Amino acid sequence: MDNIPLSVLIGAFVVLLILSGCFSLSETAMMAANRFRLRHLAQNGHRGAKKAVELLDKTDKMLGTILLGNNLVNAAAATLVSVIVLALFGDDKWALGVGTLVVTFAILVFSEITPKIIGATYADRLAPYIAYVLTFLLRVCYPLIWFVNLFAAAILRVFGLSIRPSAESSRLSPEELRSLVLESSH
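Since the model is a prediction, treat every value here as computed from it, not as a measurement.

1. Notes on the overall build of the protein chain
Within the protein chain, the secondary structure is distributed over eight helices and zero strands. Listing the helices and strands of the protein chain from first to last along the sequence gives α-α-α-α-α-α-α-α. A compact globule built from 186 residues would reach a C-alpha radius of gyration of about 16 Å, whereas the protein chain, at 20 Å, exceeds it by more than 25%. With the C-alpha coordinates aligned to their principal axes, the bounding extent of the protein chain is approximately 65 × 40 × 30 Å. For the protein chain, the proportion of contacts with a sequence separation of at least 24, taken over those separated by at least 6, is 81%.

Put into C-alpha cells, the structure is as follows:
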C-alpha cells in the first residue's frame, strides 16, 4: 500500500462509506416497508414489489446478505483508515486511537444513522428497487450466506427459537385488525 497515493486511499474510504450506507439504507427500508402495500403491488404485477415480497419471505437470507456486505465494507473501511493514519502519522498509538474515533464517527453519521433515517422515511418507495440489488447479491453470495446462517440457526435452536414464526403469531386479532383499518384511514 506504500505505492498507492493518499488521495486514492481517501477516495476508496469514501466509496466504502457510501457502500456501507447503501447496505444500512437497504436493511431499514426492507424491514420498514409496508408488507401489505408490497403484496398489493406484487399482485398487480410490479416486479420490484414481487422481488421484495420474496426477499421478505426469507428474512434470514436477506439479512444475511445485507449484514455480510455491511460488515465486510465496515471492516475494510476501518483497516483503510489505519493504513491512512500510518501513512500520515507513523505508528504513534495516539494517531491510531484518533483514527479509530474518526472512522467510528464517519461510519455512524454517514453510513448508519443518515441512511437508516432515509430508509425508514421512504421505505415503501425504496424497497421494490432495493430488492433487485439484494436479489442479485443473494444469488452471488448464497454459499457464504448459507454457511453463516447455519451458525445463526444453531444459536437460535439453542435458545429454543425458530427462524420462521408460527402462523398463529403472524395472525392479527380482530382488535389489531380494527386498529390497522382505523390507522390507515388517517
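Now, onward.
2. Structural notes on the nonpolar core
If you look at the biggest cluster of nonpolar residues, it comprises 35 residues, and the most contacted ones within it are F13, M30, L38, L55, M62 and L134. Secondary structure elements with two or more residues in this core: α1 (6–32), α2 (35–43), α3 (47–56), α4 (59–89), α5 (93–121) and α6 (123–158). If we ignore the near neighbours within four places in the chain, the residues touching L55 are M30, M62, A131, L134, T135 and L138.

3. Describing the confidence of the model for the protein chain
Per-residue pLDDT for the protein chain has a mean of 91; in total, 93% of the residues score no lower than 70. At the low end of the mean pLDDT range in the protein chain sits helix α7 (residues 167–170), at 58; at the high end sits α1, at 97.

4. Quick word on the side chain of N70
For N70, the position within the fold is in helix α4. On the accessibility criterion, N70 (6% relative accessible area) is buried. At 3.3 Å, the side chain of N70 forms a polar contact with the side chain of E112.

5. Regarding the environment of A49
Mapped onto the fold, A49 is located in helix α3. With 30 residues separating them along the chain, A49 and T79 place their C-alpha atoms 37 Å apart. Sequence-distant contacts of A49, that is, excluding residues within four places in its chain, are made with L38, L41, A42 and P128.

6. Quick notes on a nonpolar patch on the surface
Together, L6, I10, V14, I18, L88, F89, W94, V98 and V102 line one region of the surface with nonpolar side chains, adding up to about 810 Å² of accessible area. The set of elements that each furnish at least two residues to the nonpolar patch consists of α1, α4 and α5. The element best represented in the nonpolar patch is α1, accounting for four residues. Mapped onto the fold, V14 is located in helix α1. Judged by its relative accessible area of 40%, V14 falls in the partly exposed class.

7. Things to note about α3
An α-helical segment advances 3.6 residues per turn. Residues three or four places apart therefore align on the same side. Those residues of α3 not exposed but buried are G48, A49, A52, V53, L55 and L56. When α3 is viewed along its axis, its buried side chains cluster within an angular range of 160 degrees and face the same direction. Each element contacted by the buried residues of α3 is listed here: α1, α2, α4 and α6.

8. A closer look at the packing of α4 against α5
The geometry of α4 relative to α5 is characterised by a closest axis approach of 9 Å and an angle of 140 degrees between their N-to-C directions. Between α4 and α5 the crossing geometry is right-handed. Judged by residue contacts, N70, N74, A77, A78, V81, S82, V85, L86 and F89 of α4 engage W94, A95, L96, G99, V103, I107 and E112 from α5. Within the contact of α4 with α5, the residues separate by chemical class into 11 nonpolar, four polar and one charged.

The rules we used
- Each residue is numbered by its place in its chain's sequence as written, counting from 1.
- Thresholds applied to this predicted model are a pLDDT of at least 70 for local features of residues and 80 or more for the giving and counting of side-chain atom pairs; totals over whole chains, interfaces and linings are not thresholded and use all residues.
- The side-chain figures draw on all heavy atoms in the structure; neither hydrogens nor water molecules are used.
- Here a strand is any run of E in DSSP of at least two residues, a helix any run of H or I of at least four, and the numbering for each starts at the N terminus.
- When we talk radius of gyration, it's over C-alpha atoms, and the globule rule is simply 2.2 Å times the number of residues to the 0.38.
- Residue contacts follow a heavy-atom distance rule, with two residues in contact if any of their heavy atoms lie within 4.5 Å.
- To form a nonpolar core, buried Ala, Val, Leu, Ile, Met, Phe, Trp, Tyr and Cys residues must be joined to one another through side-chain atoms within 4.5 Å.
- The classification of residues rests on relative accessible area computed with a 1.4 Å probe and restricted to protein chains. Under 20% of the type maximum is buried, over 50% is exposed, and intermediate values are partly exposed.
- pLDDT is a residue-level measure of predictor confidence that goes from 0 to 100.
- Contacts described as polar in this section are N or O atom pairs within 3.5 Å, which, within protein, must combine one atom able to donate a hydrogen with one able to accept it, while residues neighboring in sequence count only if both atoms come from side chains.
- Note that patches include only residues with greater than 30% relative accessible area and no salt bridge, and the join distances are 9 Å for like charges and 5 Å for nonpolar side chains (Val, Leu, Ile, Met, Phe, Trp, Tyr).
- Where accessible areas are quoted, they stem from the Shrake-Rupley method and a 1.4 Å probe; at the residue level, only the protein chains shown are allowed to cover.
- A side-chain nitrogen of Lys or Arg and a carboxyl oxygen of Asp or Glu constitute a salt bridge if their distance falls within 4 Å.
- Taking the helix axis as origin, the arc is that swept by the directions to the C-beta atoms.
- Fitted lines through C-alpha atoms serve as axes, helices being fitted only where they are in contact, and the angles separating the N-to-C directions of these axes extend from 0 to 180 degrees.
- Crossing chirality is assigned from the near helix's rotation relative to the far helix, an anticlockwise turn below a right angle marking it left-handed and a clockwise turn marking it right-handed.
- Ten residues, namely Ala, Val, Leu, Ile, Met, Phe, Trp, Tyr, Cys and Pro, are considered nonpolar, four, namely Asp, Glu, Lys and Arg, are considered charged, and the remaining ones, Gly among them, are considered polar.

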